[in-house]
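# Architecture and fold: a report
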Amino acid sequence: MAEMEWIEKGRDWLLTNGPDFAVNIVIFLLILIVGKFVIGMLGRMTKTVLGRTQRVDDTLSAFILNVQNKVLWVIVLMAALPRLGVDIAPLIAGLGVTGFVIGFAFQESLGNLAAGLMILLNRPFEKGNYVEAGGHAGTVREINMMATTLDTPDNRRITIPNRNIWGNPIINYTVYDKRRVDMTVGIGYGADIGKAISAVKRVLEADVNVLKEPTPVIEVVELADSSINLVVRPWSETAHYWDVYFRFHREVKAVFDAEGIEIPFPQMDVHLDPVQTA
């Protein structure tokens, strides 16, 4: 008897509300289908625009497309669910509270995300650059929205949160194809300065990795306690920076020894006054 009552109620509901419900189901599905088509079209348009912009790399492009896709689907669902009788007002209010809680709980992660966005937009470095960032130095292996990975010269891998990088100075050593090599050489106070400068100049001229332009600078920079210091500033291609640096110190020592130019070591002259006796 109870089953018959349920069947009767179901039949009455279908006769009364069935046509409207069927129409709403069709409209719901149409909104989803049209929404999917529009989202796909907008995604392709955005991808094309981002592909033409040199300031946006693949990582940032993928992030923007992903966020756009999710936001558009939320809008489509908000338009479609009311057709099924779903009240989205409490859902929107709940999302607001949930968003606040999630934002507070993951504020550090959101800080890394924001910093990663700034890094990818401003591009202070790119993959393959040798940089000093976040208190570490190394070759950039990977940049994502949360962290940047460096490979150090001594074969270590360091992952640095992006907020530690963007909030501090960033030094990019390989962004340009040329780099100045800054070195200092000390000679004794009894040495001939002109002779020493000529010897340094010959060492630089013999090095094939030292560029002719800009012209190397060789000048007296300091009259120190135990030496006259010469500043030596040649230019080289960035890839040969350390070749020039190491070779110069080895060669200049050999040339100075051959020409009798003293490279002094720290020393102090002590003068003793005679002890006066009564």
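Described in the following lines is the structure provided in the data block. Remember, predicted model here, so these are calculated numbers, not experimental data.

### Overview of the overall build of the chain
Broken down by element type, the chain carries seven helices and 10 strands. Expressed as a percentage of its 278 residues, the buried residues of the chain come to 26%. Of the contacts formed within the chain by residues at least 6 apart in sequence, a portion of 64% connects residues at least 24 apart. Summed over all atoms, the accessible surface of the chain reaches about 18,900 Å², with 61% contributed by carbon and sulfur.

### A short note on the sheet that holds strand 1 (residues 130-133)
Taken together, the five strands give an open sheet; going across it, the order is 4-3-2-1-5, and neighbouring strands pair in antiparallel fashion. Both edges of this open sheet fall to strand 4 (157-161) and strand 5 (171-172), since each of them pairs with a single strand only. Bridge count between strand 2 (residues 136-143) and strand 3 (residues 147-151): four bridges; the pairing is antiparallel. Paired with Thr-139 across the strands is Asp-151, a residue of strand 3.

### A look at the nonpolar core
One finds Ile-187, Val-200, Leu-204, Val-232, Phe-248, Phe-256 and Ile-261 to be the most contacted residues of the largest nonpolar core, which totals 22 residues. At the level of secondary structure, the elements contributing two or more residues to this core comprise strand 7 (183-187), helix 6 (193-206), strand 9 (228-233) and helix 7 (241-259). It is helix 6 that provides the largest number of residues to this core, a total of six residues. Setting aside residues up to four positions removed in sequence, Val-232 forms contacts with Val-181, Asp-182, Met-183, Val-185, Val-200, Leu-204, Val-217, Ile-218 and Phe-248. Residues Phe-125, Ile-158, Ile-160 and Ile-165 belong to the second largest nonpolar core, which totals 12 residues.

### Structural notes on the pairing of strand 1
Here strand 1 shows a buried face lined by Val-131 and Ala-133 and an unburied face lined by Tyr-130 and Glu-132. Examined bridge by bridge, strand 1 and strand 2 share four bridges and lie antiparallel to one another. Each residue of the ladder has a partner; that of Ala-133, found in strand 2, is His-136. If you look at the hairpin formed by strand 1 and strand 2, you'll find two residues sitting between the two strands, and Gly-134 has a positive phi there, around 60°. Note: strand 1 against strand 5, two bridges, orientation antiparallel. Paired with Val-131 across the strands is Asn-172, a residue of strand 5.

### Thoughts on the sheet that holds strand 9
Taken together, the three strands give an open sheet; going across it, the order is 7-9-8, and neighbouring strands pair in antiparallel fashion. This sheet does not close on itself; its edge strands, each paired only once, are strand 7 and strand 8 (217-223). When strand polarity is set aside, the average angle formed by the axes of neighbouring strands in this sheet is 30°. Sheet topology places strand 7 next to strand 9; five bridges connect them, and they run antiparallel. Along strand 9, the bridge assignment pairs Val-185 with Leu-230. Contacting strand 7 and strand 9, helix 7 crosses the sheet at an angle of about 15° to strand 7.

### Some thoughts on the pattern of salt bridges
Pairing is possible between side chains of opposite charge, provided their charged atoms come close. Throughout the structure, instances matching the rule amount to nine salt bridges. Between Glu-126 and Arg-123 there is a salt bridge; the shortest N-O distance is 2.5 Å. Since its relative accessible area comes to 39%, Glu-126 is described here as partly exposed. The class of Arg-123 is partly exposed, set by a relative accessible area of 29%. Here Arg-156 and Asp-154 are joined by a salt bridge, their closest N and O atoms 3.1 Å apart. Judged by relative accessible area, which is 48%, Arg-156 ranks as partly exposed. Judged by its relative accessible area of 48%, Asp-154 is partly exposed.

### With respect to the environment of Tyr-241
Of note, Tyr-241 is situated in helix 7. Sequence separation between Tyr-241 and Lys-178 is 63 residues; the distance between their C-alpha atoms is 8.7 Å.

### Section: helix 7
Each full turn of the α-helix corresponds to 3.6 residues, which orients residues three or four apart in the same direction. Its 19 residues place the ends of helix 7 27 Å apart at the C-alpha level, agreeing with the 27 Å of an ideal helix rising 1.5 Å per residue. Among all positions in helix 7, only Tyr-241, Val-244, Phe-248, Val-252 and Phe-256 are buried. Turning to helix 7, the residues buried within the fold contact strand 6 (178-180), strand 7, helix 6, strand 9 and strand 10 (235-237). Positive phi shows up at Gly-260, right after helix 7, with a value of about 70°.

Thresholds applied
Residues numbered from 1 in each chain as written. Predicted model: local features only at pLDDT ≥ 70, side-chain atom pairs only at ≥ 80, totals over all residues. Heavy atoms only, no water. Helix = DSSP H or I, 4+ residues; strand = E, 2+ residues; numbered from the N terminus. Buried < 20%, exposed > 50% of the residue type's maximum accessible area, 1.4 Å probe, protein only. Contact = heavy atoms within 4.5 Å. Areas by Shrake-Rupley, 256 points an atom, 1.4 Å probe, with all protein chains shown as cover. Pairing = 2+ DSSP bridges. Core = buried A, V, L, I, M, F, W, Y, C linked by side-chain atoms within 4.5 Å. Axes fitted to C-alpha atoms, helices over the stretch in contact; angles between N-to-C directions. Salt bridge = Lys/Arg side-chain N within 4 Å of Asp/Glu carboxyl O. Expected span 1.5 Å × (residues − 1).

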